[in-house]
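Residue-level structural notes
Given next are the chains, with one letter for each unit.
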Amino acid sequence: MACRLTSLASALVFGILAGLAPAGAQDRSIVVASTTSTQDSGLFGHLLPLFKARTGIEVKVIAQGTGQALDTARRGDADVVFVHAKAQEEKFVADGFGVKRFDVMYNDFVLIGPKSDPAGVRGKDIETALKAIQAKAAPFVSRGDKSGTHSAELALWKLAGVDIAATKGPWYREIGQGMGPALNTAAAMNGYVLADRGTWISFKNRGELEIAVEGDNRLFNQYGLILVNPAKFPSVKKELGQTFIDWLVSTEGRAAIAGYKIAGQQLFFPNAEKKGS
Amino acid sequence: MSDQLSAWQLILTGDAALFAIVWLSLAVSLSAVALAALIGMPLGALVALTRFPGRSVLVVLLNAMMGLPPVVVGLAVYLLLSRSGPLGSMGILFTPTAMIIAQTILIVPIIAALTRQTIEDLWAEYRDELTAMDVSQAGRIATLLWDARFSLLTALLAGFGRAAAEVGAVMIVGGNIDGFTRTMTTAVALETSKGNLPLAMGLGLVLVAIVLAINAAAWGTRVWSERQAS
Amino acid sequence: MRATVSDLPLVLDGVSLQAGATTILDRLSLSITPGAPTLIVGPNGSGKTSLLRLLMGLTAPTAGRVSWGGRSESKPVRRAILFQRPVMLRRTAAANVAYALAQAGTPRSERAVRVAALLERVGLFDLAQRPARRLSGGEQQRLALARALARDPEILLLDEPTASLDPAATRGVEEIVLMAAQSGIKIVMASHDLGQVRRLAGEVMFMVRGCLRERAPTAAFLDHPTTPEAAAFLRGDLVI
């Protein structure tokens, strides 16, 4: 009766828990805190099976904004961070949370805008374009989430001589979400948005959006890799994490990164030659 | 899951990744319901049967906690299970176990509050009879829970519905890791953020269909077993 | 254990029951001892049900003292009660009886045999596996009787158990009650049916407005009531 019901329920729970539990000490997996751009662009879906085939190590990716990914690692909840905001990354290492930072690859940011181009920025350089958007108060979607892209966007406003904190009006929408939602929002309101090229190429819901500004060397977007400091968090899987980093910067890893293409377009460019900084 | 496919193609072709996601969603939510029932039903029944100072505060609190925001529960569990948190050494953050814990916390109040209401009504009917039989407190709780089993199924379904539908808690404590902690709801959120709206909608419809099927199965079981032994 | 404890005599000493300003029972003093069935009669609202609940220990008096075999603790060890509308547990007839046996402390190994015997005793043996809630009104009362008897009571309290039953079902219940009385169980039963009083009672307690107005052997009460209220009640007049 009641007791039979109870034992049935507990059998169910513990059966499921046992089935789901990680394999414990034998568990050859690492947690990588990374950015929405690397996941949403499909890069990890391409890289991880190759890495697993080579090493047998399973990589669990938590895709967050760069700021949040670094926070996750700062709490000891990841083994490796794979992000794109160099200044924040260097501070992370300097504060003792990371062992060493490696350049791994780059792509570039693109300014996305509606085909109608209300601010008239198509083909301009990024500095002129941002000035025009602010002057015309054309709708602009900001990530507003302390991600790498958000940091880059703020740096670009500064470069354009726009004090965005002081001059932002209703035209400037901070959504506090990932790259995909920012693009969805821009598509819905025909606004401008700064995006990484990888996410843009793989993004499906483009609506009236297209690239307005690209190729400006100030739109360079560098990705870095850091092993979380095992001295700070003994739970960090040092060997497995280092294996992942070593593989990504190796010839084989670089070829794998370069080999990821959507519709014939290469999304990321390996540049690990420069040794760790 | 290949982005080029629609959700229906994934179902029709028996896409392994899709079925893994469905299985994980069901395993996590059903485990959470079972655990929450083990905690929430006796708790609700106990509150129904006892009178103590502050009881009405507890009842209001339980009812209010039915509306706990999943992200808040997720965040609290995250802070508990994080390596920097008090339970960090267990190393279960970003695992299905962590997701089960978060969802259990989320739905214990639902099951406890609905159980309390049901048991309190039934207790009004049973009080004299059970008192005359000199039934112990534990015996009363067991008897009332068993005799209310068909009504309590509704509480379980409410809990399951909440668990299966929520995305905030599992996203935070599970991390939406492909092939490991990705559920139906976090997959829908991910596909939406990739701008893959048809696939996201398709996955959402699959989720709705599954929840519908489980409710229909539970309802059928209830009707059948009530006919067997009401 | 059971043999050493007795709930009889059951003694009420100056017992009153108040609900707010309303007096439900008014200074009752009486003693119930083993013997022929006692039937409590009186108009509706005279306090019959409240008296039975007090005798069972379900309600505490607001004044006075109730004692069972000299003890004033109220654990219902050797007494049982049959409510006017008993609650059927949502399980089979046999499981209802088994439940009562378990609560009465019958060892698990003896229960199956005793369930069968009790169901046989109340004529429900063939309906053992029927869900209790799908039994007829008379069958439910008999099942409740089996549950009450499962407690192996010394005193059995019954609150108008046949009030809503047809004559055939009433006879079924009365036969079980009489059998119980013959086996030595003290019966205290509320009734509004004078025919039933004639068929079952050894003595009558007549209540009006919470007071015990008359207590006498059945024949004496029916033939020579000593109070005008009892005489009026026996004539079929409304007694207020």
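Here the structure is a predicted model, which means the values were calculated and not measured.

1. Concerning the environment of B:Phe94
Note that B:Phe94 resides in the loop between helix 4 (70-81) and helix 5 (96-132). A relative accessible area of 3% means that B:Phe94 is categorised as buried. The contacts of B:Phe94, once residues within four sequence positions are left out, are A:Val31, A:Ile62, A:Thr72, A:Asp77, B:Tyr78, B:Ile172, B:Val173, B:Gly174, B:Gly175, B:Ile177, B:Phe180 and B:Thr181.

2. Regarding the interface of chain B and chain A
Facing the 34 residues of chain B at the interface are 32 residues of chain A. Around 2,800 Å² of area is buried between chain B and chain A when both sides are counted, 67% of it from carbon and sulfur atoms. Our count for the chain B to chain A interface comes out at 0 salt bridges. When contributions to the side of chain B that touches chain A are tallied by element, the ones reaching two or more residues are helix 2 (16-49), helix 4, helix 5, helix 6 (137-147) and helix 9 (184-193) of chain B. Sorting elements by how many residues they give to the side of chain B that touches chain A places helix 2 of chain B first, with 6 residues.

3. Focus: a nonpolar patch on the surface
Judged by side-chain polarity, B:Phe52, B:Leu58, B:Leu61 and B:Met65 come together as a nonpolar surface patch covering roughly 310 Å² of accessible area. Secondary-structure assignment places B:Phe52 in the loop between helix 2 and helix 3 (55-65).

4. Focus on the environment of A:Leu50
Residue and element names in this part refer to chain A. Residue position: Leu 50 is located in helix 3 (residues 43-55). Of the residues examined, Leu 50 reaches a relative accessible area of 39% and is grouped as partly exposed. For the pair formed by Leu 50 and Val 121, sequence separation is 71 residues and the distance between their alpha carbons is 41 Å. In contact with Leu 50, not counting residues within four places along its chain, are Trp 247 and Ala 256.

5. Remarks on the pattern of salt bridges
Two side chains of opposite charge can pair, provided their charged atoms sit close to one another. Residues and elements named next belong to chain A. One pass over the structure, following the stated rule, counts 32 salt bridges over all chains. Ionic pairing is found between Glu 252 and Arg 54, a salt bridge with its closest N-O pair at 2.8 Å. With a gap of 198 residues between them, Glu 252 in helix 12 (residues 251-258) and Arg 54 in helix 3 connect regions that are remote in the sequence.

6. A closer look at the packing of helix 3 (residues 108-121) of chain C against helix 4 (residues 137-150) of chain C
For any two helices packed against each other, one specifies the crossing angle of their axes together with the interaxial distance. All names here are of chain C. Their axes nearest at 9 Å, the elements helix 3 and helix 4 cross at an angle of 130°. Relative to helix 4, the element helix 3 lies oblique. Once helix 3 is placed against helix 4, the crossing between them reads as right-handed. Contact residues: helix 3 offers Arg 114, Leu 118, Leu 119 and Arg 121, while helix 4 offers Leu 143, Ala 146, Leu 149 and Ala 150. Here the residues of the contact of helix 3 with helix 4 are counted per class, giving 6 nonpolar, no polar and 2 charged.

7. Quick notes on the sheet that holds strand 4 (residues 63-68) of chain C
Think of a sheet as strands paired side by side through backbone hydrogen bonds, with each pair either parallel or antiparallel. Residue and element names in this part refer to chain C. The 3 strands lie next to each other as 2-1-4, forming an open sheet whose pairing is antiparallel. Every interior strand has two partners, whereas the edge strands, strand 2 (22-32) and strand 4, have only one. Taking the axes of each pair of neighbouring strands and ignoring which way they run, one obtains an average angle of 20° across the sheet. With 7 bridges connecting them, strand 1 (residues 10-19) and strand 2 associate as antiparallel partners. What sits directly across from Leu 10, in strand 2, is Ile 32.

8. Brief notes about unusual backbone geometry
That bond from C:Leu8 to C:Pro9 is cis: its omega, -5°, falls within 30 degrees of zero. Along the chain, C:Pro9 turns up in the segment before strand 1. Positive phi outside glycine occurs at A:Asp117, with the angle close to 45°. The exposure class assigned to A:Asp117 is buried, which follows from its relative accessible area of 12%.

9. Digging into the pairing of strand 9 (residues 211-217) of chain C
Residues and elements named next belong to chain C. Taken together, the 6 bridges between strand 8 (residues 203-208) and strand 9 define a ladder with antiparallel strand orientation. By the bridge assignment, Phe 206 is partnered in strand 9 with Glu 214. From the end of strand 8 to the start of strand 9, which pair antiparallel, there are 2 residues, and Arg 209 there has a positive phi angle of about 45°.

10. Regarding the packing of helix 3 of chain A against helix 11 (residues 238-249) of chain A
Residues and elements named next belong to chain A. The N-to-C vectors of helix 3 and helix 11 enclose an angle of 110°; their axes lie 11 Å apart at closest approach. Put simply, helix 3 runs roughly perpendicular to helix 11. The element helix 3 and its partner helix 11 pack so that their crossing is right-handed. Contacts from Phe 44, Leu 47, Leu 48, Leu 50, Phe 51, Arg 54 and Thr 55 in helix 3 reach Thr 243, Phe 244, Trp 247 and Leu 248 in helix 11. A class-by-class count of the residues in the contact of helix 3 with helix 11 yields 8 nonpolar, 2 polar and 1 charged.

Reading the values: the criteria
Residues numbered from 1 in each chain as written. Chains lettered and ligands numbered in written order. Predicted model: local features only at pLDDT ≥ 70, side-chain atom pairs only at ≥ 80, totals over all residues. Heavy atoms only, no water. Helix = DSSP H or I, 4+ residues; strand = E, 2+ residues; numbered from the N terminus. Buried < 20%, exposed > 50% of the residue type's maximum accessible area, 1.4 Å probe, protein only. Contact = heavy atoms within 4.5 Å. Buried area = accessible area lost by both parts, 1.4 Å probe. Salt bridge = Lys/Arg side-chain N within 4 Å of Asp/Glu carboxyl O. Patch = residues over 30% accessible without salt bridge, like charges linked within 9 Å, V, L, I, M, F, W, Y side chains within 5 Å. Areas by Shrake-Rupley, 256 points an atom, 1.4 Å probe, with all protein chains shown as cover. Axes fitted to C-alpha atoms, helices over the stretch in contact; angles between N-to-C directions. Parallel < 35°, antiparallel > 145°, perpendicular 65-115°, else oblique. Left-handed = near helix turned anticlockwise from the far one by under 90°. Nonpolar A, V, L, I, M, F, W, Y, C, P; charged D, E, K, R; others polar. Pairing = 2+ DSSP bridges.

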